[in-house]
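# What the coordinates show
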Amino acid sequence: MDEPPMKDAAPTRARLPARVARWGFFAVALVLGTGLLVSSITSYLGARALLETVIEGQAEAAHRELRQYLQPGRRHGPPHEDELRRFLEDNADEGVVYVAVMGPGGEPLVAAGTPSDPRPLRPGELRILGDHVQAAFPGEPPGGPPGDPAGRPLGDPPSLMGGGPPSHAFGVSSPRPPPAPIVIELRPEAALALRARAGRDLVVGVTVAVALMLAAAVFWRLSRRAQVVEAHLGEQRHLAALGEMSAVLAHEIRNPLASLKGHAQLLAERVEGDPALSRKVARIVDESQRLEALTHGLLDFARQSRLALADVDPAAVLRRCADAWPDATIEFELARAPARWRFDAAKLERVLGNLIDNADQAAPGRPIRIRAYVEGQRLVFEVHDRGPGVRPSDRARIFEPFHTTRTRGTGLGLAVSRRIVEQHGGTIEVLDAPGGGACFRVALPREPSRGSADEPR
């Protein structure tokens, strides 16, 4: 039968809708956010194009107003400064702040107001200066009597733009000098309002788009975290069910096993004179003891005993653990160990003893280095061996029940150790030791979480 794949397929099918929903929501939110962002930027660029059109239209309207203002009663020549000043006063509500008639060198011949930028402009050029706009328009010659090809009556004074005596004074008719360009500076209120609204719309659109994409990213991250938590809870439920099953099996096996072991030991005493039979009986006793160790491990794994916390000397606990392996070479680094720490000494001795036993079996005869120190608010124990180390792919599995690399191991030592450490609110992990080998690291908080310990009476 191929039961494990069938068991794994159900959780996979159960996780599939959640994964599709997570990625679907993320994709939809990302597409909507991107579309809103592109739409906001496009609208802003369109508003900027419209803004230039509005500015040009408002400047052209001011130019037409100036022409209409100066037309009555004038036939030729540049306007006077008083006329331009009155034009500014009459059109102040329209935002006009400066008007000038320019000379051939770009200098103003007649002007009213103060320009924001005195640099000359070519006719038809538009210059945007923050909230103000400067526009240059070509001047138009005033009309004259139809008989004068120069467009002005006989006896007129020379034009300010042309210079020199009038050509008709010598009986020669010549074209009139080019008209003087006009520069107008104004504050385009309508365009400014349009620009402010376009800027607000862009900020709102970009903010909403970014917020939508950030919300999608946060939702995706939270859903991933929820999936990890759900997987962890499923693993815990699986381990709990496995522990219950292990406890039942251990109880059912322990009594018959004790009887089998006792009878095998009695039989071994009676067959001492037969070497061949003695070896067979000794084999039965050895296997019975191995099964007995397995049942004890199952019971320890399934047992949910509470912690008996007390203030303990961590260095003394480590030395007591090391005394159980007199043949091993153990190097201590306890200079940074605290004088007292709160934990269950008996259970932690079991954890550290198991780690020392694993280190001794990983590299028999080679030194084992043990450290104890405080890191932040946690007490850290480290057991370094000089063995081949643990492959990264096996580092998570070695703490699972019944996972072992030994030929006669039960695979429960590290699983029980992890349960004890987690009861203290701590963590246990395996890392690469400096210089080669494995480093098992146990970190315990200063005070375990409430509800996991019984105070000693």
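Going by the structure above, here's the rest.
Description of the structure in this document.

What counts, and at which threshold
- Residues numbered from 1 in each chain as written.
- Predicted model: local features only at pLDDT ≥ 70, side-chain atom pairs only at ≥ 80, totals over all residues.
- Heavy atoms only, no water.
- Axes fitted to C-alpha atoms, helices over the stretch in contact; angles between N-to-C directions.
- Helix = DSSP H or I, 4+ residues; strand = E, 2+ residues; numbered from the N terminus.
- Left-handed = near helix turned anticlockwise from the far one by under 90°.
- Contact = heavy atoms within 4.5 Å.
- Nonpolar A, V, L, I, M, F, W, Y, C, P; charged D, E, K, R; others polar.
- Pairing = 2+ DSSP bridges.
- Core = buried A, V, L, I, M, F, W, Y, C linked by side-chain atoms within 4.5 Å.
- Buried < 20%, exposed > 50% of the residue type's maximum accessible area, 1.4 Å probe, protein only.
- Salt bridge = Lys/Arg side-chain N within 4 Å of Asp/Glu carboxyl O.
- Polar contact = N/O pair within 3.5 Å; in protein donor to acceptor, adjacent residues only side chain to side chain.

## Let's talk about the packing of helix H6 (residues 345-362) against helix H7 (residues 413-423)
Viewed as axis vectors pointing N to C, H6 and H7 meet at an angle of 145 degrees, and their least axial separation amounts to 9 Å. Here H6 runs over H7; the crossing is left-handed. Only Gly413, Leu414, Val416, Ser417, Ile420, Val421 and Gln423 of H7 make contact with H6, whose side of the interface consists of Lys347, Arg350, Val351, Asn354, Leu355 and Asn358. Looking at the contact of H6 with H7 residue by residue, the classes come out as six nonpolar, five polar and two charged.

## Re the sheet that holds strand E13 (residues 438-445)
The five strands lie next to each other as E8-E10-E11-E13-E12, forming an open sheet whose pairing is mixed. Pairing within the sheet leaves two strands with one partner each, and these edge strands are strand E8 (330-333) and strand E12 (427-432). Neighbour-to-neighbour, the strand axes of this sheet turn through a mean angle of 20 degrees, independent of strand direction. Summarising the sheet, strand E11 (residues 378-384) and E13 pair through seven bridges and their orientation is antiparallel. From the neighbouring strand, valine 383 faces E13, where its bridge partner is phenylalanine 440. Contacts from helix H5 (residues 314-323) reach E8, strand E10 (368-375) and E11 within the one sheet, and its direction differs from that of E8 by about 180 degrees. Sitting on the sheet, H7 touches E12 and E13, and the angle it makes with E12 is about 125 degrees.

## Here's the deal with the nonpolar core
The biggest cluster of nonpolar side chains holds 37 residues, and the ones touching the most others in it are Phe343, Leu355, Ile368, Phe381, Phe440, Val442 and Leu444. Looking at this core, the elements with two or more residues in it are H5, strand E9 (341-343), H6, E10, E11, H7, E12 and E13. Looking at this core, the element that brings in the most residues is H6, giving seven residues. What valine 442 contacts, discounting residues up to four positions off in sequence, is Val351, Leu355, Leu379, Val380, Phe381, Val421, Thr427 and Ile428. Counting residues in each nonpolar core, the second largest holds 18 residues, with Leu66, Phe87, Leu88 and Ala135 among its members.

## Structural notes on H7
For H7, the tally of buried residues reaches nine of 11 residues, placing the bulk of the element in the interior. Glycine 425 sits one or two positions beyond H7 and adopts a positive phi of about 80 degrees.

## A look at the environment of leucine 212
With respect to the secondary-structure elements, leucine 212 resides in helix H3 (residues 189-270). Look at leucine 212 and you get partly exposed, because its relative accessible area is 29%. In this structure the C-alpha to C-alpha distance between leucine 212 and leucine 32, which are 180 residues apart in sequence, comes to 8.0 Å. Non-local contacts of leucine 212, meaning those with residues more than four positions away in its chain, are made with Ala29, Leu32 and Gly33.

## Description of the pattern of salt bridges
Once the charged atoms of two side chains with opposite charge are near each other, the side chains can pair. One pass over the full model with this rule turns up 13 salt bridges. Of the charged contacts in the structure, one is a salt bridge between glutamate 382 and arginine 371, with a shortest N-O distance of 3.0 Å. Of this pair, glutamate 382 sits in strand E11 while arginine 371 sits in strand E10, and the two are 11 residues apart along the sequence. For the pair glutamate 382 and arginine 371, a shared accessibility class is recorded, and that class is buried. Taken together, the salt bridges that share partners define one network made up of Glu333, Arg369, Arg371, Glu375, Glu382, Glu429 and Arg441.

## With respect to the environment of arginine 119
By the secondary structure assignment, arginine 119 is in the loop between strand E2 (108-113) and strand E3 (126-129). Overall, the relative accessible area of 51% leaves arginine 119 in the exposed class. In this structure, the C-alpha to C-alpha distance between arginine 119 and glycine 106, residues 13 residues apart in sequence, is 8.1 Å. Within the structure, arginine 119 has its side chain in polar contact with the side chain of aspartate 117 (distance 2.5 Å).

That's the geometry; what it means functionally is another story.
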